[in-house]
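# Fold and geometry: a report
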Amino acid sequence: MVFADPGEARARAQGVLDADPSPWRASVAHQVIGIWQRDWGDMRMALHHLRQARDLAARAQAPDREADVLAALGVALVHAGRTRQGLEALERGVAVSSGHTRARVLFRRAYASWVLGRHREALEDVRRAIPVLRQADDVIWTARALTLRATVHLALGAVDRADADFTAAEALWDTTGQDHDKADVVESRGLAAFRQGDIPAALRLMDEAEERYAKLGTPSFMLSIRRCDVLMAAGLAPEALTVADAAIGALDGIGGQSTRKAELLLVAARAARLAGDPHTAIARAALAVRLFSGQRRPWWETHAQLVLLQSRVASGRRSGRLVADAAAVAERLASFGAPAAPEASLLAGRIALGLGWTADAERHLAVAARSRHVGPPLARMTGWAAQALRARAAGSGRGVLEACRRGLDVLDDHRMTLGASELRARATEQGAELAALAQQASLDSGGPRRLLTWSERWRATVLTAPPTRPPADPALLGDLTAFREIAARAEEGRRDGRPIPVLEREQRRLEREIRSRTLHLRGAAPGAEDRFTPARLLQRLGEVRLVELAVLDGRVQVLLCGQGRVRRFEAGLLADAEVEAAHVQAGLRRLAHPGAEGRLPVVEAMGRRLEELLLGPATAHLGSGPVVVVPPGRLHSVPWALLPSLRERVLSVSPSASSWLRARETEPPPGGRQVLVRGPGLATGGAEVSELADRYGTPLLLEEDDARATRVLEELDGAALAHIAAHGTFRADSPLFSSLRMADGPLIVHDFERLDRSPYRIILSCCDTARLASVGADELLGLVTALLPLGTAGVVASSAPVNDAAVVPLMLALHKGLETGLSLAEALRDARAALPGDALHQATGWAFTAFGAA
């Protein structure tokens, strides 16, 4: 019962002890309480009860009873870090037992061997146990043994064998009432899905397991460890670090298993390293190494040593000693049959290359490169990264580009299995090194067209296909409706000055639920992509100049495309440009308020400095026609219209040249339907909307109670032109919860992703709607990038807070240009020129940007 209904089992066991039981019955009761404490409570209490159970079994002169307790005690001792004593107890349990009981003891010894990383010993014990358990028709213990064997197979990289055992175990569990064991097998299936590269399924199964454990009141620290692994593979390393640290705190709070604490420290170290915090990673990994060593767990200790070495290298350390240490770790991992061995060889090769030890580097990289044809996607990418580095060391630019192409193709296929745009964006981080190697090889070859091709190969890839639309899931729709209601009530409470901690907690809970459900979405099968070519771009540009900014070794490379050719210019440092862009944003925020006219010359001077840093000598070659700017993700907050050479031009911005081409080739929907939306709480009451309604004659106007999220989405779907005047909020912490305020609460990015086709043109007369979060290799998350893959060819949005009153004349002038047949970029240029010359109106014009090509 302790793995069917743990709380009830513990209560009954205590009831037995309170009734003056016989030694045999008391032994069983103490063992149950000991198991409960071992797995979900205080290890000291666990050992106390299990030792009492052992002594009572000896008094009862029941060898099989004693053997069973010794097995449970042995596992507890191993989890407490007392490996030698634990193995001795297990050995004695095997010696004094026979038949069916011995098979159960062998299973426990196999489990202990798995905890210790002794996988071959675990397989041998479980191989001996399964036939006996089957012969005894012991369904529960047979299912446990199959589940354990599958888990060991996964640790050794034998995914197909693991899958077969999990399937057989699940069929057996369906015939039992072992709810905790059933939760465990759901968790294990999630692990198997992860090893097979199916991250959405892994997240879904682990969420289901967590719900099952919660109903039983049994925390699962192993689930936290496995969830962290999945989150890291999905590019969510900071989130994984938070989960790991929280689990460590909870484990310390109950005095739980030291083995699990060491494992949690290891995943925390990995997460910190991937999150760009090598010093935290070093601290966590060093402690994990010490704990694993004391627990006599060399398999785990070696994995922790690998993370420690990777973190030291990430902190800037390079030495011959590190090469030797990484090579030794690779050799030990290979001897264990651990799938992580190529990572260590790649690390050794990379350090050796940095030291100029080409012969050593070739030896280590050749070993790592063997993994490029087998295993899950991220393991194959490790192999292709090693192959690319080998080619670079050999001076073969063609070899570098071929290895990078093959590696990024692997990641493309993996990325397309992810349905959520957030996961697709963050997963690209795993290809950043390959993309950088390819771009550097292209730069070295001196061919700007090749550099443009590779810049596009790994820029804004999430926009190459629309996100998988969420199914008509009543639970998700209910969560979205509840979120809107709670967020609206919280906003009302803030305005009234009332405390709202309960509402804020519920809002955060609903955000977690919505995000969790969207992360479970699987992507469509990879299809044939329309690959970018410079020739196609140049053919479509005509009189337009497209300026694509690539960043190599921290410096901005300007690729100027037009007049049938691609030219390259070198500009300033990206870090300097980011600092200047942040100052400009602060200046625009100040200018959005009356009385800041004195700041205008300062902001204009910042614009001149930004132009020098971002465009450099390319400024003199822009010609006089329209310009499209394709910035890197970290520079999308730049108000491009502020740059002197772009201030009076027809100017648009695009996340990539490919995205601009798709927008250029997107046909408007038939019918020319127009939708005007006015949200609540605007200082001017959305004054431009009423005048636009009169001007257009018969547009659909949604305002007051009609401007409710569901109705707004329904009318936006497939519209030719939409104008939304509303308060906008950008969420840097969770960009897909960036929102527009409607009558019934926020309309978030997750809502827009449910559209069959977003409006062909959309004007967002709102603050901060063009702000985007840079994630992954060079990806952007936010409202604008949610609309572009869904059929929107052009967007006008603001990258900064704006003055409501100053927005009105800008919007009216913008629509006047659209009525004459101008594009959004042309109309926005003319609208800026028509504004009064004061600082407030000038800053308002600069804050708005045209995206796309409509």
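See the structure above.
What comes next concerns the included structure.

### Some points on the overall build of the chain
Looking only at helices and strands, one finds 37 helices and 16 strands in the chain. For a compact globule of 854 residues, the expected C-alpha radius of gyration is about 29 Å, and the chain comes in at 31 Å, within 12% of that figure. Along the first, second and third principal axes, the C-alpha atoms of the chain reach 100 × 65 × 50 Å. Counting all 854 residues of the chain, 59% fall into the buried class. Of the contacts made within the chain by residues no fewer than 6 positions apart, 70% connect residues no fewer than 24 positions apart. Only carbon and sulfur atoms are counted for the fraction: they give 50% of the accessible area of the chain, which is about 33000 Å². Once the 107 positive and 101 negative side-chain charges of the chain are each reduced to a mean point, those two points are 5 Å apart.

### Details of the pattern of salt bridges
Using the criterion set out here, one finds 61 salt bridges in the structure. Linking E210 and R227 is a salt bridge whose minimum nitrogen-to-oxygen distance equals 3.0 Å. Taken together, the positions of E210 in helix α11 (residues 199-216) and R227 in helix α12 (residues 221-233) put the pair 17 residues apart, joining distant regions of the chain. The class of E210 is partly exposed, set by a relative accessible area of 42%.

### Side note on the packing of helix α8 (residues 139-155) against helix α9 (residues 159-173)
Two elements in contact, α8 and α9, have axes whose closest approach is 8 Å; the angle formed by their N-to-C orientations is 160°. One way to sum up the angle between α8 and α9 is to call them roughly antiparallel. Crossing of α8 against α9: the hand is left-handed. Two secondary-structure elements touch here, α8 through V139, I140, T142, A143, R144, L146, T147, R149, A150, T151, H153 and L154 and α9 through V159, R161, A162, D165, F166, A168, A169, L172 and W173. Per-class residue counts for the contact of α8 with α9 are 13 nonpolar, 4 polar and 4 charged.

### So, the nonpolar core
Membership of the largest hydrophobic core comes to 136 residues, with the highest contact counts inside it found for I199, L264, L333, C404 and L423. When sequence neighbours within four positions are dropped, the list of residues in contact with L423 reads I199, L203, A234, L236, L418 and L519. Counting 103 residues, the second largest nonpolar core, distinct from the first, contains A577, A707, V775 and V795.

### Side note on the environment of R731
The topology assignment puts R731 in the loop between β9 (728-729) and β10 (739-742). It is 28 Å that separates the C-alpha atoms of R731 and E211, two residues lying 520 residues apart in sequence.

### Examining the environment of A262
Note on placement: A262 falls in helix α14 (residues 258-274). Each C-alpha atom of the pair A262 and L291 lies 6.0 Å from the other, and the pair is 29 residues apart in sequence. The residues touching A262, leaving out its near neighbours within four places in the chain, are A288, L291, F292, Q295 and R297.

Calculation rules
Residues numbered from 1 in each chain as written. Predicted model: local features only at pLDDT ≥ 70, side-chain atom pairs only at ≥ 80, totals over all residues. Heavy atoms only, no water. Helix = DSSP H or I, 4+ residues; strand = E, 2+ residues; numbered from the N terminus. Rg over C-alpha atoms; globule rule 2.2 N^0.38 Å. Buried < 20%, exposed > 50% of the residue type's maximum accessible area, 1.4 Å probe, protein only. Contact = heavy atoms within 4.5 Å. Areas by Shrake-Rupley, 256 points an atom, 1.4 Å probe, with all protein chains shown as cover. Lys, Arg positive; Asp, Glu negative; His and termini not counted. Charge placed at Lys NZ, Arg CZ, Asp CG, Glu CD. Salt bridge = Lys/Arg side-chain N within 4 Å of Asp/Glu carboxyl O. Axes fitted to C-alpha atoms, helices over the stretch in contact; angles between N-to-C directions. Parallel < 35°, antiparallel > 145°, perpendicular 65-115°, else oblique. Left-handed = near helix turned anticlockwise from the far one by under 90°. Nonpolar A, V, L, I, M, F, W, Y, C, P; charged D, E, K, R; others polar. Core = buried A, V, L, I, M, F, W, Y, C linked by side-chain atoms within 4.5 Å.

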